[in-house]
Amino acid sequence: SSAVSQLNQFLQDPSETHLRAAKRVLRYLITTRNYSISYGAFTPNVKQHDLDMMGMADANWGGDRNDRKSTTGYIFFINNGPVSWTSHKQSTVALSTLEAEYMSLSDASREAIALTHLYDDLGILYTPPTINSDNQGALSITQNATNYQRSKHIDIRYDFVRHAWQQSKIEIEFVPTAHQLADILTKSLSPALHQRCVLGIGLD
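Everything numeric here is computed off the predicted structure, so don't read it as measured data.

Trainee: Please explain unusual backbone geometry as it appears in this structure.
Mentor: With the exception of glycine, the majority of residues adopt a negative phi angle, and the majority of peptide bonds are in the trans configuration. Although it is not a glycine, Asn79 sits at a positive phi angle of roughly 50°. Tracing the backbone shows Asn79 in the loop between strand E2 (71-78) and strand E3 (81-89). Its identity as a non-glycine residue notwithstanding, Asn80 has a phi of 70°, on the positive side. Secondary-structure assignment places Asn80 in the loop between E2 and E3.

Trainee: What's the story with the nonpolar core in this structure? I'm lost.
Mentor: Note on soluble globular proteins: their nonpolar side chains tend to be buried together. Core analysis: the largest hydrophobic core is formed by 27 residues, its most contacted members being Phe76, Leu105, Ile131 and Ile170. Elements supplying a minimum of two residues to this core: strand E1 (53-60), E2, helix H3 (97-122), helix H4 (136-143) and helix H5 (160-166). Looking at this core element by element, the count peaks at ten residues for H3. In this structure, Leu105 is in contact with Ala57, Ile131, Ser133, Ala138, Leu139, Thr142, Val161 and Ile172, ignoring residues within four places of it in sequence.

Trainee: Sorry, what's going on with a nonpolar patch on the surface here?
Mentor: Nonpolar side chains collect at one region of the surface, where Leu26, Tyr28, Leu29 and Tyr35 lie side by side and expose about 380 Å² of accessible area between them. Relative to the helices and strands, Tyr28 is located in helix H2 (residues 16-31).

Calculation criteria
Counting starts from 1 at the beginning of each chain's written sequence and moves along it residue by residue. Note on the predicted model: pLDDT of at least 70 is required for a residue's local features to be given, and 80 or more for side-chain atom pairs to be given and counted; whole-chain, interface and lining totals, by contrast, use all residues. Only heavy atoms go into the side-chain values, all of them from the structure, while hydrogens and water stay out. Helix and strand definitions here come from DSSP, where helices need a minimum of 4 consecutive H or I residues and strands a minimum of 2 consecutive E residues; each element is numbered from the N-terminal end. Here, nonpolar core means buried Ala, Val, Leu, Ile, Met, Phe, Trp, Tyr and Cys residues that are tied together by side-chain atoms lying within 4.5 Å of each other. Using a 1.4 Å probe on the protein chains alone, a residue whose accessible area is under 20% of its type maximum counts as buried, one over 50% counts as exposed, and one in between counts as partly exposed. Contacts between residues were defined by any pair of non-hydrogen atoms, one from each residue, lying within 4.5 Å. Exposure above 30% relative accessible area and the lack of any salt bridge qualify a residue for a patch; like charges then connect within 9 Å, and the nonpolar side chains Val, Leu, Ile, Met, Phe, Trp and Tyr within 5 Å. The accessible surface values rely on the Shrake-Rupley method and a 1.4 Å probe; as for residues, cover is taken only from the protein chains in view. Each reported salt bridge corresponds to a side-chain nitrogen of Lys or Arg within 4 Å of a carboxyl oxygen of Asp or Glu.

Function-wise, these values are silent; they only describe arrangement.
Dropping the structure here:
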């Protein structure tokens, strides 16, 4: 998903380098065509009739060397199986890692609310979705309005995550970078880290 998102930026004037990268993506798809997703495992302390929704949000600060925009990546799990994910370049330039991660959290929170609306319409019970981030600063801005000075320059639309959290529509938690599965959606990883994320997502 991350590689395709990056390649999409060069559809107008691709080079041989981009063609080689695209072929590499196709080779990866061929070798993983038998991978599948398993659902049904419940998280402890969650009622068996509830859907357990959990998301992970991450950002690669200034990852694009041409315009220095960051990449947002998030993935949502229902009963330990991925159901929704994205990898896309942020629309504005983030001034810090904290800002990029906060913008990623906001994008993820909108997806979380959309998922809850779907389950409301279907009459399905669920627990409030939890979004995990590996950036303590972004979590602090969301949970503590006194940190407004650190974020007042950020586009107001990204404050959606703060309002969603205050209204208990979502939960947010810290996850160590070593356990951040959304890394696979924001940057190129070493084979070992890539495989760790693949297994963590539940693909096999």
